[in-house]
Amino acid sequence: MSSLPLIINNYHKTQLSRVYPKGSRIDSSNYDPLKMWNAGVQMVALNYQTGDRAMQLNQARFSQNGRCGYVLRPKCMFDDNFDPYDRRTLKDVEPLTLTIQILTFRHIMKTSKGNVNPFIELEIVGAEYDCVSYKTSSKERFDPDDDLSYVWTVYNPELAFIRIVVQYEDMFGDPKFLAQATYPITCLRPGYRSIPLKNEFSEELELSCLLVHIDIQKHSQEVINPNSNPPWGSLTNSPQRVEDDIDFLSIPSSYKLFRKEDQESQEMPHRCLQSKPD
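Let me begin by describing the structure that accompanies this report.

Cut-offs applied
Residues numbered from 1 in each chain as written. Predicted model: local features only at pLDDT ≥ 70, side-chain atom pairs only at ≥ 80, totals over all residues. Heavy atoms only, no water. Helix = DSSP H or I, 4+ residues; strand = E, 2+ residues; numbered from the N terminus. Salt bridge = Lys/Arg side-chain N within 4 Å of Asp/Glu carboxyl O. Buried < 20%, exposed > 50% of the residue type's maximum accessible area, 1.4 Å probe, protein only. Polar contact = N/O pair within 3.5 Å; in protein donor to acceptor, adjacent residues only side chain to side chain. Contact = heavy atoms within 4.5 Å. Core = buried A, V, L, I, M, F, W, Y, C linked by side-chain atoms within 4.5 Å. Patch = residues over 30% accessible without salt bridge, like charges linked within 9 Å, V, L, I, M, F, W, Y side chains within 5 Å. Areas by Shrake-Rupley, 256 points an atom, 1.4 Å probe, with all protein chains shown as cover. Pairing = 2+ DSSP bridges. Phe/Tyr/Trp six-rings, centres within 6.5 Å; stacked < 30°, edge-to-face > 60°. Lys NZ or Arg CZ within 6 Å of the ring centre and 35° of its normal.

One non-glycine residue, S28, lies in positive phi territory at about 60°. On the secondary structure map, S28 appears in the loop between β1 (18-19) and α2 (33-38). One non-glycine residue, L207, lies in the positive phi region at around 70°.

Structure below.
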């Protein structure tokens, strides 16, 4: 295990740092902000004029507090031995088993003419040991009789996001963007949910939504001997299909994706600004 992640994370317990795109990015492209957040960097600057994956993750990051004020770093990051690349260093973190069943979607808009046969890419991003993605086939129909359910084990939910991208294949077989939805794992609620879809700049598309069923369970994490080599085979998250009965009559129209938030958002000081770290 490299000591560099430990050094950087411990540095940010008492110091502030800012990271911004290099000046040579003349196309206004963005770097991956996850690596910076996982290292404890407090200020991660991005090119807001570019609607890409990095900006979508950034918008999701600050949706936790209603886009008002600070977002606190997880308590696990203040442990002296925390390493975002080694899940053996996690303490007092409950892993989750996340199951998502894709039911259907509606009002998927295409800018050009012609019919579209969309497919969906599901992605879990966060700590390196939690990152996994799965893409449905463009030939798969989203029929209630089909079983499009996928299961992931998320070992560090406080650093993880789920990103759902709706795409289609052009005449050359290349994927083209249609819509996306990105949310922190800790903001998901179980049950039948209608997820509003957004464009590249995280602006909601009128009437576009994805109907899914979400199930979140606590995962019984196996005990790992810190003095032995990690079971790398068990760290690979392979989505698998599961069977689940669907009762469409039990879908309340008032269901929302997020947890219920207070009407008034309050700004909270960042943990790194405290005189003593947690």
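From this point, the discussion proceeds with the structure in view.
With that settled, the discussion passes to the pattern of salt bridges. For the structure shown, the criterion picks out eight salt bridges. The residue D86 makes a salt bridge to R88 at a minimum N-O spacing of 2.9 Å. Between D170 and K176 there is a salt bridge, with the nearest N and O atoms lying 4.0 Å from each other. When its relative accessible area of 36% is taken as the criterion, K176 is described as partly exposed.

On the secondary structure map, F78 appears in the loop between α3 (53-61) and β3 (96-106). Classification of F78 by relative accessible area gives buried; the value is 6%. Between the C-alpha atom of F78 and that of H12, which follows or precedes it by 66 residues, the distance is 9.2 Å.

Here the focus is the side chain of Q167. As for its position among the elements, Q167 is in strand β7 (residues 161-169). The class for Q167 is buried, based on a relative accessible area of 11%. Looking at Q167, its side chain comes within polar contact range of the side chain of E121, at 3.2 Å. Among residues more than four places away in sequence, those in contact with Q167 are P118, F119, E121, P175, K176, F177 and L178.

Right, let's talk about the side chain of T97 for a bit. Positionally, T97 belongs in strand β3. Apart from the residues lying within four places of it in its own chain, the contact partners of T97 are V151, W152, T153, D215, I216, Q217 and H219.

Further remarks concern the nonpolar core. By size, the foremost hydrophobic cluster in this structure holds 30 residues, and its most contacted members are L98, I100, I120, I124, I162, I185 and L210. Within the residue set of this core, elements represented by two or more residues are β3, β4 (119-125), β6 (149-154), β7, β8 (175-184), β9 (191-198) and β10 (204-218). Once you skip the residues sitting within four places of it in the chain, I185 turns out to touch L96, L98, I124, P157, A160, F161 and I162. Core analysis: the next-biggest nonpolar cluster, separate from the first, contains 11 residues, L46, M55, A60 and F161 among them.

This part is about a nonpolar patch on the surface. Side chains of L4, I7 and I8 sit close together on the surface and give an oily, nonpolar patch of about 270 Å² of accessible area. Relative to the helices and strands, I8 resides in helix α1 (residues 4-11). The exposure class of I8 is partly exposed, given its relative accessible area of 31%.

In terms of residue burial, β7 counts as a mostly covered element, since eight of its nine residues are buried. Where β4 lies against β7, seven bridges are found, and the strand directions are antiparallel. For I120, the partnering residue across the bridge sits in β7 and is V166. Taken together, the nine bridges between β7 and β8 define a ladder with antiparallel strand orientation. Within β8, the position partnered with V165 by the bridge is Q180. Connecting β7 to the next strand, β8, in antiparallel fashion are five residues, including G173 with a positive phi near 85°.

Overall, the coordinates contain three aromatic pairs when judged by the stated rule. Between W37 and F161, the aromatic rings sit 6.1 Å apart at their centres with planes inclined by 40°, giving tilted as the arrangement. Separated by 124 residues along the polypeptide, W37 in helix α2 and F161 in strand β7 bring together distant segments of the chain. Residue classification places W37 among the buried residues on the basis of a relative accessible area of 6%. Relative to W152, the ring of Y150 has its centre 6.5 Å away and its plane inclined at 40°; by these criteria the two rings are tilted. Take Y150: its relative accessible area is 1%, and that puts it in the buried class. These aromatic residues form a ring-pair network of at least three members: Y134, Y150 and W152. One residue, R61, lies across the ring of W37, its end atom 4.9 Å from the ring centre. The ring of Y155 has R87 sitting right over it, with the charged end atom 4.0 Å from the ring centre.

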